Amino acid sequence: MSEYISPSSGVGGRATTVAHNARVWNYWLGGKNYYPVDKEIGDHVLSMFPTIAEAARADRAFLRRAVTYLTETVGIRQFLDIGTGLPTVDNTHEVAQRIAPESRIVYVDNDPTVLVHARALLTGSPEGATDYIDADAHEPETILQGAARTLDFDRPVAVMMLGILNFVLDTDAAKGIVRRIMDAVPSGSYLVLTHPTLEIGEGGAAMMRFWNENATPPITGRDSSQIADFFEGLQMLEPGIVPCSQWRAEQPADVSEREVAEFGVVGRKP
């Protein structure tokens, strides 16, 4: 059952009165790490755009499928998860280390609530390694320097950017972040991305306006051509840019579900 996180957790002040994406997302996923204001804003967003909770669940299922594929089929053993969010079911290290216990995972986030709960992200297999970096996606150099403590950048790395570039409002800046991170990883590395879009469904624009006026951080949607730009120089895996609920869905029933307004894409660095 969901419950509110306590102000005694170490996060207080404005955090308890302004909804934050990490906590609202956790609420939509059925987690317990949120404040009353996060539930209030989350419920209002749901009333405007009912499929947003489906998108949250589809995003998490996409993570599970993508990490499983990269670990099991491709043999990736290193993951850089930027924009981690609050711990929930099937975090990146849990999925990867179930298949390959020696996998090494670095999580990156700048939300103080995530930092408080980071200890849950650092409980991995003894054969592998997990680490957490308190850094902003706008700081790729800080991320890379911190990740180098745990990851070997001479070996392939899967860079996870799930639902994070939508908080980088300037598209050129977002492309620059992706380019800098992917320039630092070798051939055979992967970019795993999800991103909200206004191309699917109705009411998304009004929902985003409401969010930007009442919660933090501000968000933007992007179309498929803008998403494709993030994969410039990369080999996009089939089926390309699709709703994340339909990326290599495990069962035919998954594909027949309502499309979510969240793209899911995976690309390989040649």
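Look up a bit, the structure's there.
Conventions and cut-offs
- Residues numbered from 1 in each chain as written.
- Predicted model: local features only at pLDDT ≥ 70, side-chain atom pairs only at ≥ 80, totals over all residues.
- Heavy atoms only, no water.
- Salt bridge = Lys/Arg side-chain N within 4 Å of Asp/Glu carboxyl O.
- Helix = DSSP H or I, 4+ residues; strand = E, 2+ residues; numbered from the N terminus.
- Buried < 20%, exposed > 50% of the residue type's maximum accessible area, 1.4 Å probe, protein only.
- Pairing = 2+ DSSP bridges.
- Core = buried A, V, L, I, M, F, W, Y, C linked by side-chain atoms within 4.5 Å.
- Contact = heavy atoms within 4.5 Å.
- Expected span 1.5 Å × (residues − 1).
- Arc of directions from axis to C-beta.
- Axes fitted to C-alpha atoms, helices over the stretch in contact; angles between N-to-C directions.
- Parallel < 35°, antiparallel > 145°, perpendicular 65-115°, else oblique.
- Left-handed = near helix turned anticlockwise from the far one by under 90°.
- Nonpolar A, V, L, I, M, F, W, Y, C, P; charged D, E, K, R; others polar.
- Phe/Tyr/Trp six-rings, centres within 6.5 Å; stacked < 30°, edge-to-face > 60°.
- Lys NZ or Arg CZ within 6 Å of the ring centre and 35° of its normal.

A. Region of the structure containing the pattern of salt bridges. Within this structure, the stated rule accounts for six salt bridges. For Arg23, the salt bridge identified is with Asp38, shortest N-O distance 2.6 Å. Within this pair, whereas Arg23 is found in helix H1 (residues 21–28), its partner Asp38 is found in helix H2 (residues 36–48), the two being separated by 15 residues in sequence. Residues Arg23 and Asp38 agree in their burial class; the two are buried. In this structure, the salt-bridge partner of Asp43 is Lys39, at a minimum N-O distance of 3.0 Å. Here Asp43 pairs with Lys39, and both are found in helix H2, just four residues apart, close to one helical turn. Judged by relative accessible area, Asp43 falls into the partly exposed class, the value being 30%. You can call Lys39 partly exposed: its relative accessible area is 28%.

B. Up close: the pairing of strand S4 (residues 129–134). Counted residue by residue, S4 has five buried out of six residues, so it is predominantly covered. Of the pairings in the sheet, the one linking strand S3 (residues 104–109) to S4 comprises six bridges and is parallel in character. For Ile105, the partnering residue across the bridge sits in S4 and is Thr130.

C. Structural view of the nonpolar core. Counting 54 residues, the largest nonpolar core has Leu80, Ile82, Val159 and Met161 as its most contacted members. Examining the composition of this core, we find that five residues originate from one element, helix H8 (residues 171–183), more than from any other. Discounting residues that sit within four places of it in the chain, Leu80 has contacts with Val106, Val108, Ile143, Ala147, Leu151, Val157, Ala158, Val159, Met160 and Ile181. If you look at the next biggest cluster of nonpolar residues, it comprises 30 residues, including Ala58, Val67, Leu70 and Val95.

D. Representation of H2 in the model. With 13 residues, H2 extends 19 Å between its outermost C-alpha atoms, agreeing within 8% with the 18 Å of an ideal straight helix rising 1.5 Å per residue. Those residues of H2 that fall on the buried side of the exposure criterion are Val37, Asp38, Ile41, Gly42 and Val45. On an axial view of H2, the arc spanned by its buried residues comes to 125°, and they lie on one face. In H2, the exposed positions that point more than 90 degrees away from the buried face belong to Glu40 and Ser47. In this structure, the buried residues of H2 make contact with strand S1 (19–20), H1, helix H3 (52–74), helix H9 (204–214) and strand S7 (215–216).

E. Inspection of the packing of H1 against H2 at higher detail. Contact pair H1 / H2: the axes reach a minimum separation of 9 Å and the direction vectors enclose 65°. Overall, the two elements H1 and H2 adopt an arrangement that is roughly perpendicular. When you trace H1 past H2, the crossing you get is right-handed. Where H1 approaches H2, its residues Arg23, Val24, Tyr27 and Trp28 are matched on the opposing element by Asp38, Lys39, Gly42, Asp43, Val45 and Leu46. Of the residues contributing to the contact of H1 with H2, the split by class is five nonpolar, one polar and four charged.

F. Broad picture of the side chain of Asn166. When you line up the elements, Asn166 lands in the loop between strand S5 (158–162) and H8. The exposure class assigned to Asn166 is buried, which follows from its relative accessible area of 3%. Those residues in contact with Asn166, other than ones at most four positions away along the chain, are Thr194, His195, Pro196, Pro218, Ile219, Thr220 and Arg222.

G. Looking closely at unusual backbone geometry. Thr216 connects to Pro217 through a cis peptide bond whose omega is -10°. The topology assignment puts Pro217 in the loop between S7 and helix H10 (224–230). Residue Pro239 is reached from Glu238 by a cis peptide bond, and omega for that bond is 10°. As for its placement among the helices and strands, Pro239 is situated in the loop between strand S8 (235–236) and strand S9 (242–243). Here Arg248, not a glycine, exhibits a phi torsion of approximately 45°, which is positive. Positionally, Arg248 belongs in the loop between S9 and helix H11 (252–255). We classify Arg248 as partly exposed; its relative accessible area is 34%.

H. Representation of the packing of aromatic side chains. What the rule picks out here adds up to three aromatic pairs. Their ring planes at 75° and their centres at 5.4 Å tell us that Phe62 and Trp247 sit as a pair that is edge-to-face. Highlighted residues: Phe62 in helix H3 and Trp247 in the loop between S9 and H11, separated in sequence by 185 residues. The exposure class of Trp247 is buried, given its relative accessible area of 1%. The lysine or arginine in question, Arg248, covers the ring of Tyr69, its NZ or CZ lying 4.7 Å from the ring centre.

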